[in-house]
Amino acid sequence: MGLLQVHTLRIDGLRRPQYVKQEFQFSWILESERKGCVQTGYRIQLWQGEGMIWDSGKVSSGACSGIRYAGPKLQPLQEYVWQVCCWDDYGETAAASDRFRTCRAEKPWHAHWVQPVQKATVPERPAPFEYANRAEEQPRDYKEFQPVQLVRSSIEIEKEVRCAFVHVSAHGLYHLELNGEAVGNDLFAPECTPYDKLIFYQSYDVTRRLKAGKNIFGVALADGWWIGRLGLGSWNCQYGDKKDLFLECEVLFEDGSRAYFGAEKAKAAPSRGSYADLFVGEKYDASAVPEGWSLPEFDDTLWQPVLVTDMPLETLQPQTGQSVRIVKEWEPLAVLRTPNGDTVVDAGQNLAGFLRITLDTGAGCEIVLEYSETLDENGNFFNNIKGVNKDQRDVYITRDGKQSWQPAFTYHGFRYVRINGWPGELSCDQLRVCAVSSEDDFTGDFACSDERLNQLQHNIIWSQISNMVSIPTDCPQREKVGWTGDLTVYAPTMLYLSSAEWFLRRWLKYLRAEQFENGLVPVTAPYWKICREMSRLLGSDTSCGWGDAIVFVPWAIYQETGNQVVLEENYDAMRRWMSYVEREDKNGSWNQGFHFGDWMLPSIIMAGGTPRDTAYATKELFSTAYYAYSAKIMAQIAAALGRLADEKKYERLYQDIRQAFAEKYVRADGSLPLPYQGAYVVSLKFGLIPESKRAGAVNHLCRLIEENGTRLDTGFLSVPFLLDVLCENRHRDLAMRLLFQTECPSWLYMVEHGATTIWESWDCISPEGKVGSYSYNHYAFGCVGDWLYREIAGVQNLEPGYRRVRLCPGIDSGLSWARTSHRTPQGWLAFEWHKEGGKIQVKAEIPIGTAAELGLPGQKSVTVGSGQYEFVWGV
């Protein structure tokens, strides 16, 4: 093995993506055993078979990510091999290669949408803010749910096949089989998108699966996001009331001829005794499903022909990014018998997913699984999510013999599962906990000498895993909604912990699709009917901090990756958003209409108020503050893109809002009319306090914290900046006291009350032990992770893409050691420090392409290049 190595080759930030579009980017990681090594050049070559398609030639550059393909147009559905060769300043070279496949060409389809004969789902419109449970004296029969549809599409193969691909989508969710065997391991395909504007199709290589003669594509269709009950109000029929299938099989034969097979002549039948809803759950009667229904020899004489429809095809787009899948599974922690006599399975971890059950029994046993995130204060099963259609209930009816089952079209937010109807004694080895997510490529870690902070880090990661299911959701049980405000505050932490660039860029595509013609950015993406109804009741489709996601999320991605593409993709949408807000501007303030403000402000919530009370109490000041901050970030984005006129425009806008804010809200002593910590936090962080009054504002903030028992009182829009503002204004000691606070509200209060994910509200479990009806899996308050990595572990990104960093150990934290690692675009960056006696020992690993300023707080730093280093300092 040489001194120089190149590895971790990626296309668009992904390791071997399923399919690649015509415009894409290369990246790789270069490592050397030599210190101070730099990449001086690279060469990328692309082959199809034995033929070279493109050669970049040697490019003198240190760049190793975001390299755009600049060759000829690639052929669709073809496999290509690419190689990168790198040079360093020592004259060493290293090379590595990988492969990818292109997606289907943008050309007219030969197939059409088809629809099984089915009864339309009746639209339900519960009140969006109705939290009351269904009355227990009225047991639910679930008759309003339509069955899963089974579709058989036949194709005849009469010649030798060179290659074959099937392209599939659905209005609803689909599970695909070919001749009785599952195709792919995707969950919840075709995934969640704004279906009226774009809908994904998935492509599968079935070359080796097709056989001579008759072949059957068997497709099970369920409601999914198309028909299912969604959001806080659990409205169904967001896009339609019937399930549809799109399927086209494209076959190239060895003689050079080509054939296309659709599902227009398919036959379908309902799966008796079954239904599936993303929220309510799934019912599956194993004894009622026709045996071998997706095999060629199955007799479908009694099945009905599908209907061919004229539904639009132009919204179909190839899926980008990873699919949802099972990312981790394990045996449950325990099977409990509660004081009420229930049998409850403890997964040992809150998560998004389901149980897989395995048993050997006779036919007809009805097993009911009810999912929840917590037990009550007495140790009994507790349904913590209130409201209509929040059942989280799966039903499995057994067949004869040994069998295993997991739901195919639903997932739940849970730690505990109450099980009824199990034949015989239930044991952990009959169960598997399955966690689902779109992401399992984690790029960041943190650990320290305090196990409580380690548990906090664990909780942050698991809330992120649980809420990266097709879209970035707020929670995996009650809403499953892509709220923009949650992501606004959490994106920096998400990007440190995982390779989330592709995931967030895909979601930003949905956000752009949902943007109104007048530039308004809605509060969720996709913007479902139920979300629109909630906005109508509140009085606005957007809000400060929520609509601002179109500015803040691309900026966070750019800071992490250094890739300007994300800024270019979203720049027009950003400008349109800013123009919308400017039209709402009344003398330097954006305080008209409804805003969520400092959502979930603890002092109001814990005093018995509602989240809406926190909005009305804080919206005026916060809307103007975020208006200013967006203008400030827009000026920086324009500068990064070389748009100098826009840079001046937005800088001038920021200064105008800043002046208006100071005149309206900042008093002579630096105090604000809003007596909440968060008001001071955002005003200071966004530079809205005149320098002459800054010290007074800081003093008022510190006083509010001390008067609150050294506890935070910050909601969604201010908590990301709380600790930073204290550190930036010479109150690191107070920031540390807040971090290590264990009384409610605080991060460690959650930890000490058994949390394994981040809670929606700081007091989900009250200090008196009362278990509340909240979500116990919301990632927003996990935004403190970003601060932990920068100020405790000590890794600070000084230049987009980690081209320059500061490594400064948080030795004033009271910890004896801390460490972090992060796969930056340049490679792995690791930093570890130990404090013992009067000495500080640090270890650092710096990737090629990164310059690191290394030192202790308040002392002169030393700048080092790539390599591994150890230093010992006296303090």
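Rules and cut-offs
- Residues numbered from 1 in each chain as written.
- Predicted model: local features only at pLDDT ≥ 70, side-chain atom pairs only at ≥ 80, totals over all residues.
- Heavy atoms only, no water.
- Helix = DSSP H or I, 4+ residues; strand = E, 2+ residues; numbered from the N terminus.
- Rg over C-alpha atoms; globule rule 2.2 N^0.38 Å.
- Buried < 20%, exposed > 50% of the residue type's maximum accessible area, 1.4 Å probe, protein only.
- Areas by Shrake-Rupley, 256 points an atom, 1.4 Å probe, with all protein chains shown as cover.
- Lys, Arg positive; Asp, Glu negative; His and termini not counted.
- Charge placed at Lys NZ, Arg CZ, Asp CG, Glu CD.
- Phe/Tyr/Trp six-rings, centres within 6.5 Å; stacked < 30°, edge-to-face > 60°.
- Lys NZ or Arg CZ within 6 Å of the ring centre and 35° of its normal.
- Axes fitted to C-alpha atoms, helices over the stretch in contact; angles between N-to-C directions.
- Left-handed = near helix turned anticlockwise from the far one by under 90°.
- Contact = heavy atoms within 4.5 Å.
- Nonpolar A, V, L, I, M, F, W, Y, C, P; charged D, E, K, R; others polar.
- Pairing = 2+ DSSP bridges.
- Polar contact = N/O pair within 3.5 Å; in protein donor to acceptor, adjacent residues only side chain to side chain.
- pLDDT = per-residue confidence, 0-100.
- Expected span 1.5 Å × (residues − 1).
- Bend = angle between axes of the 7 residues up to and from the residue.
- Parallel < 35°, antiparallel > 145°, perpendicular 65-115°, else oblique.
- Salt bridge = Lys/Arg side-chain N within 4 Å of Asp/Glu carboxyl O.

A.B. asks: Is there a simple way to think about the overall build of the chain in this case?
C.D. replies: A count of helices and strands for the chain gives 16 helices and 43 strands. Over its C-alpha atoms the chain spans a radius of gyration of 28 Å, differing by no more than 12% from the 29 Å that the globule rule assigns to 875 residues. Each principal axis of the C-alpha atoms in the chain carries an extent, and together these give about 85 × 75 × 55 Å. Buried positions account for 62% of the 875 residues belonging to the chain. Accessible surface, the chain: about 32200 Å² in total, of which carbon and sulfur atoms supply 46%. The averaged location of the 111 negative side-chain charges in the chain is 3 Å from the averaged location of its 90 positive side-chain charges.

A.B. asks: Looking at this structure, I do not really get the packing of aromatic side chains. What am I missing?
C.D. replies: Any aromatic ring pair is given by two values, namely how distant the centres are and how the planes are angled relative to each other. What the rule picks out here adds up to 55 aromatic pairs. Their ring planes at 75 degrees and their centres at 6.4 Å tell us that Phe 26 and Tyr 69 sit as a pair that is edge-to-face. Of this pair, Phe 26 sits in strand E2 (residues 25–32) while Tyr 69 sits in the loop between strand E5 (67–68) and strand E6 (79–88), and the two are 43 residues apart along the sequence. The pair Phe 26 / Tyr 69 is uniform in exposure class, with both members buried. Each ring, one from Trp 546 and one from Phe 716, has its centre 6.5 Å from the other, and the planes form 5 degrees; the classification is stacked. With Trp 546 in the loop between helix H5 (529–538) and helix H6 (549–561) and Phe 716 in the loop between helix H12 (691–707) and helix H13 (722–728), this pair connects stretches of sequence that are 170 residues apart. Each member of the pair, Trp 546 as well as Phe 716, is classed as buried. Feature note: the residues Trp 483, Trp 546, Phe 594, Phe 596, Trp 599, Tyr 616, Phe 716, Trp 747, Trp 762 and Phe 781 constitute an aromatic cluster, connected by ring pairs. For the cation-ring pair, Arg 34 lies above Tyr 90, with the distance from its terminal atom to the ring centre recorded as 4.5 Å. Seen from the ring of Tyr 411, Lys 480 lies directly overhead, with NZ or CZ sitting 4.6 Å from the centre.

A.B. asks: Sorry if this is basic, but what is going on with the packing of helix H7 (residues 565–584) against helix H9 (residues 611–640) here?
C.D. replies: Where H7 meets H9, the closest approach of the two axes is 11 Å, and the angle between their N-to-C directions is 145 degrees. Crossing angle aside, the handedness with which H7 passes H9 is left-handed. Facing Leu 567, Tyr 571, Met 574, Arg 575, Met 578, Val 581 and Glu 582 of H7, the residues of H9 in contact are Tyr 627, Ser 630, Ala 631, Met 634, Ile 637, Ala 638 and Ala 640. When the residues that make up the contact of H7 with H9 are grouped by side-chain class, the tally is eleven nonpolar, one polar and two charged.

A.B. asks: Sorry, what's going on with the environment of Ser 294 here?
C.D. replies: Mapped onto the secondary structure, Ser 294 falls in the loop between strand E19 (281–285) and strand E20 (304–305). Sequence separation between Ser 294 and Cys 544 is 250 residues, and the spatial gap between their C-alpha atoms is 51 Å. With residues up to four places along the chain from it excluded, the contact list for Ser 294 reads Arg 152, Glu 177, Asn 179, Gly 180, Ile 216 and Gly 218.

A.B. asks: Even after reading the chapter, I still don't get the pairing of strand E24 (residues 334–337), so can you show me in this structure?
C.D. replies: Regular strands place side chains that alternate from one sheet face to the opposite one. In terms of strand pairing, E24 meets strand E25 (residues 343–361) through four bridges, oriented antiparallel. If you follow Ala 334 over to E25, its bridge partner there is Asp 346. Hairpin connection from E24 to E25: five residues lie between these consecutive antiparallel strands, with Gly 341 at a positive phi of about 90 degrees.

A.B. asks: Any chance you could explain the side chain of Gln 25 here in plain terms?
C.D. replies: Structurally, Gln 25 can be placed in strand E2. Classification of Gln 25 as buried rests on a relative accessible area of 7%. Only 3.5 Å separates the side chain of Gln 25 from the backbone oxygen of Gly 66, close enough to count as a polar contact. Residue contacts for Gln 25: discarding those within four places in its chain leaves Arg 10, Ile 11, Asp 12, Gly 66, Ile 67, Arg 68, Arg 505, Asn 563 and Val 565.

A.B. asks: Quick question: what am I supposed to make of the sheet that holds strand E1 (residues 4–11) here?
C.D. replies: Strand pairing in a sheet relies on backbone hydrogen bonds. The paired strands run either parallel or antiparallel. As summarised here, the arrangement of the three strands in space is E1-E2-E5, forming an open sheet in which the pairing is antiparallel. Whereas interior strands pair on both sides, the edge strands pair on one side only; in this sheet they are E1 and E5. Where E2 meets E5, two bridges bridge the pair, whose relative direction is antiparallel. Bridge pairing in E5 links Phe 26 to Ile 67.

A.B. asks: Explanation requested: the pairing of strand E38 (residues 817–824) in the structure shown.
C.D. replies: One ladder, built from five bridges, connects strand E33 (residues 444–448) with E38; its direction is antiparallel. Across the sheet, Asp 445 pairs through a bridge with Ser 821, a residue of E38. Bridging between E38 and strand E39 (residues 827–836) involves eight bridges; their strand directions are antiparallel. Its bridge partner being in E39, His 822 is matched across the sheet by Leu 829. The turn linking E38 back onto E39 is made up of two residues.

A.B. asks: Looking at this model, I keep getting lost on helix H11 (residues 677–685). Mind explaining?
C.D. replies: Along an α-helix, a turn takes 3.6 residues, which lines up residues three or four apart on a common side. Burial runs high along H11: eight of the nine residues are buried. For H11, the set of buried residues is Gln 677, Gly 678, Ala 679, Tyr 680, Val 681, Val 682, Ser 683 and Leu 684. Where H11 is buried, its residues contact H9, helix H10 (644–665), H12 and H13. After H11 finishes, the residue Gly 687 shows a positive phi value of roughly 70 degrees.

A.B. asks: Teacher, can you tell me more about the sheet that holds E33 here?
C.D. replies: The strand order E33-E38-E39-E40-E43 describes an open sheet built from five strands, whose pairing is antiparallel. Bordering the open sheet on either side are E33 and strand E43 (867–874), each of which pairs with just one other strand. Ignoring strand direction, the axes of neighbouring strands in this sheet form an average angle of 5 degrees. Sheet strands touched by helix H3 (residues 484–497): E33 and E38. Its angle to E38, the strand with the most contacts, is close to 85 degrees.

A.B. asks: Explain the environment of Glu 366 to me, please; I cannot follow it from the model alone.
C.D. replies: Topologically, Glu 366 is positioned in strand E26 (residues 366–372). Each C-alpha atom of the pair Glu 366 and Pro 270 lies 20 Å from the other, and the pair is 96 residues apart in sequence. With near-sequence residues (within four places) excluded, Glu 366 lies in contact with Val 395, Tyr 396, Ile 397, Asn 420 and Gly 421.

A.B. asks: Please clarify how the confidence of the model for the chain should be interpreted in this entry.
C.D. replies: One rule of thumb: low pLDDT means the predicted coordinates there are not for detailed reading. Per-residue confidence for the chain gives a mean pLDDT of 96, with 99% of residues at or over 70. Within the model, pLDDT remains below 50 along residues 131–137, and this stretch shows 13 contacts once partners closer than five positions in the same chain are excluded.

A.B. asks: So what exactly am I meant to see when it comes to H3 here?
C.D. replies: Here H3 is 14 residues long and its end C-alpha atoms lie 19 Å apart, about the 20 Å a rise of 1.5 Å per residue gives. Remark: the principal bend of H3, roughly 60 degrees, maps to Tyr 490, with a proline, Pro 492, within the next four residues. A large share of H3 lies buried, amounting to 13 of its 14 residues.

A.B. asks: Explain the packing of H3 against helix H4 (residues 501–514) to me, please; I cannot follow it from the model alone.
C.D. replies: Axis angle and axis distance: for two packed helices, these are the angle between their axes and the distance between the axes, and together they describe the pair. Across the interface, H3 lies against H4 with an axial gap of 12 Å and an inter-helix angle of 160 degrees. Judged by the inter-axis angle, H3 sits roughly antiparallel to H4. Relative to H4, H3 is oriented so that their crossing is left-handed. In this structure, H3 uses Thr 484, Leu 487, Met 494 and Leu 495 to contact H4, whose residues at the interface are Glu 501, Leu 504, Trp 507 and Leu 511.

A.B. asks: Sorry, what's going on with the pattern of salt bridges here?
C.D. replies: Oppositely charged side chains can form a pair if their charged atoms are brought close together. Tallying each qualifying case throughout the model produces 51 salt bridges. Here Glu 250 makes a salt bridge to Arg 258, at a shortest N to O gap of 3.4 Å. Looking at Glu 250, the relative accessible area reads 5%, which means it is buried. The salt bridge involving Glu 533 is made with Arg 536; its shortest N-O contact spans 2.7 Å. Within this pair, Glu 533 and its partner Arg 536 are both found in helix H5, separated by three residues, close to a single helical turn. With relative accessibility at 55%, the residue Arg 536 sits in the exposed group. Where salt bridges share partners, they join Asp 724, Arg 732, Asp 786, Arg 790, Glu 791 and Asp 812 into one cluster.

A.B. asks: Would you mind showing me how to read the environment of Ala 220 here?
C.D. replies: Looking at the element boundaries, Ala 220 is found in strand E14 (residues 213–222). We classify Ala 220 as buried; its relative accessible area is 9%. In the structure, Ala 220 is positioned 306 residues away from Pro 526 in sequence and 25 Å away in space, judged by C-alpha atoms. Among residues more than four places away in sequence, those in contact with Ala 220 are Val 148, Gln 149, Leu 150, Leu 173, Tyr 174, His 175, Trp 293 and Phe 409.

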